[in-house]
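# Examining the three-dimensional arrangement
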Amino acid sequence: MTETPDLHLRLSRHLPASPEEVFDAYTDPEQQKIWFSILDEQPGIVEIETDLRVGGTQTAVWGPSRDQLFRETQTFLEIDRPHRLVTEAVGSSPDGATMTTHVEVTFAPDGDGTLVTVVQTGFPAAEMRDFFAHEVWVGALDRIEAFLRH
C-alpha cells in the first residue's frame, strides 16, 4: 500500500463586504446559523457552538433531519481578526466516515469588498478534495455572499 500524497485545494472569492464583516459572518455562530441554511428550500437542523480563541473550538452540526447529520469540529490554531484564521477541522458524515484537514482562510481588502482565500490540506483522495473545491466551499461562499447581501 502506498501513502497518498498531501492533497490540497486553494480557491479565492470576492465577497461584497469589509474584511471585518466577512470574518465575523464566517466565525460568529449566530450569523452562521442564518447563512448555513439561507439557500435551502426546506429548513433543516443547524446547531453551532463557538469558543473563538486559540485552542478553542467550533462545533457545527447540520443536516436535513436528526438521523442525517453532518458534524465538524474545528480547533482554532491561529486567529488574526480580520485577516486570517487557521484551524484543524475534523468532520464526520451521517454514514460515520471521518476526515481531518488543515484549513487556512485569509480575508484581504479587495476594492469594494473582501477577497477570501481558502487553502485546505490533508485530503485522503483527489475525489474528496475536488468535492470540497467544487461543492462544499462554493456552497459555503454562496451562502455567506447571500447573507452579506441581505
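Refer to the structure above for everything that follows.
The notes below deal with the structure included here.

Each value, and the rule that gives it
- Residues numbered from 1 in each chain as written.
- Predicted model: local features only at pLDDT ≥ 70, side-chain atom pairs only at ≥ 80, totals over all residues.
- Heavy atoms only, no water.
- Helix = DSSP H or I, 4+ residues; strand = E, 2+ residues; numbered from the N terminus.
- Expected span 1.5 Å × (residues − 1).
- Bend = angle between axes of the 7 residues up to and from the residue.
- Buried < 20%, exposed > 50% of the residue type's maximum accessible area, 1.4 Å probe, protein only.
- Pairing = 2+ DSSP bridges.
- Patch = residues over 30% accessible without salt bridge, like charges linked within 9 Å, V, L, I, M, F, W, Y side chains within 5 Å.
- Areas by Shrake-Rupley, 256 points an atom, 1.4 Å probe, with all protein chains shown as cover.
- Salt bridge = Lys/Arg side-chain N within 4 Å of Asp/Glu carboxyl O.
- Axes fitted to C-alpha atoms, helices over the stretch in contact; angles between N-to-C directions.
- Contact = heavy atoms within 4.5 Å.

## A short note on helix 3 (residues 126-149)
An α-helix turns once per 3.6 residues; consequently, residues spaced three or four apart project the same way. Here helix 3 spans 33 Å end to end across 24 residues, near enough to the 34 Å set by a 1.5 Å rise per residue. A maximum bend of about 40 degrees is found in helix 3 at Phe132. Along helix 3, the residues classified as buried are Phe132, Ala133, Trp137, Ala140, Leu141, Ile144, Glu145, Ala146, Phe147 and Leu148.

## What to know about the pairing of strand 2 (residues 45-50)
As judged from the six bridges shared by strand 2 and strand 3 (residues 57-63), these two strands associate in the antiparallel manner. Paired with Ile48 across the bridge in strand 3 is Ala60. Between strand 2 and the antiparallel strand that follows it, strand 3, lie six residues; Gly55 among them carries a positive phi value of about 95 degrees.

## Things to note about a nonpolar patch on the surface
On the surface, Met128, Phe131 and Val136 cluster together into a nonpolar patch covering about 230 Å² of accessible area. Here Val136 shows up in helix 3. What makes Val136 partly exposed here is its relative accessible area of 31%.

## Some words on the pattern of salt bridges
Under the counting rule described, the total for this entry stands at ten salt bridges. Arg66 serves as the salt-bridge partner of Glu47, at 2.5 Å between the closest nitrogen and oxygen. Taken together, the residues span a long stretch of sequence, with Glu47 in strand 2 and Arg66 in the loop between strand 3 and strand 4 (70-80) at a distance of 19 residues. Assessed through its relative accessible area of 34%, Glu47 is described here as partly exposed. Arg66 sits in the exposed class, given a relative accessible area of 55%. The salt bridge involving Glu145 is made with Arg149; its shortest N-O contact spans 2.9 Å. A residue pair is termed a helical-turn pair when its members lie 3 or 4 positions apart in one helix, as Glu145 and Arg149 do in helix 3 at four residues.

## Comments concerning the sheet that holds strand 1 (residues 7-15)
Pairing in this open sheet of seven strands is antiparallel, and the strands run 1-7-6-5-4-3-2 from one edge to the other. Only two strands of the sheet have a single neighbouring strand rather than two, namely strand 1 and strand 2. Each neighbouring strand pair of the sheet contributes to a mean axis angle of 20 degrees, computed without reference to strand direction. As judged from the nine bridges shared by strand 6 (residues 98-110) and strand 7 (residues 113-123), these two strands associate in the antiparallel manner. Counterpart to Glu104 in the pairing with strand 7 is Val119. Of the strands in this sheet, strand 1, strand 2, strand 3, strand 4, strand 5 (84-92), strand 6 and strand 7 touch helix 1 (residues 19-27), which is tilted by about 160 degrees from strand 6. On top of the sheet, helix 3 reaches strand 1, strand 6 and strand 7; it is set at about 20 degrees to strand 1, its chief contact.

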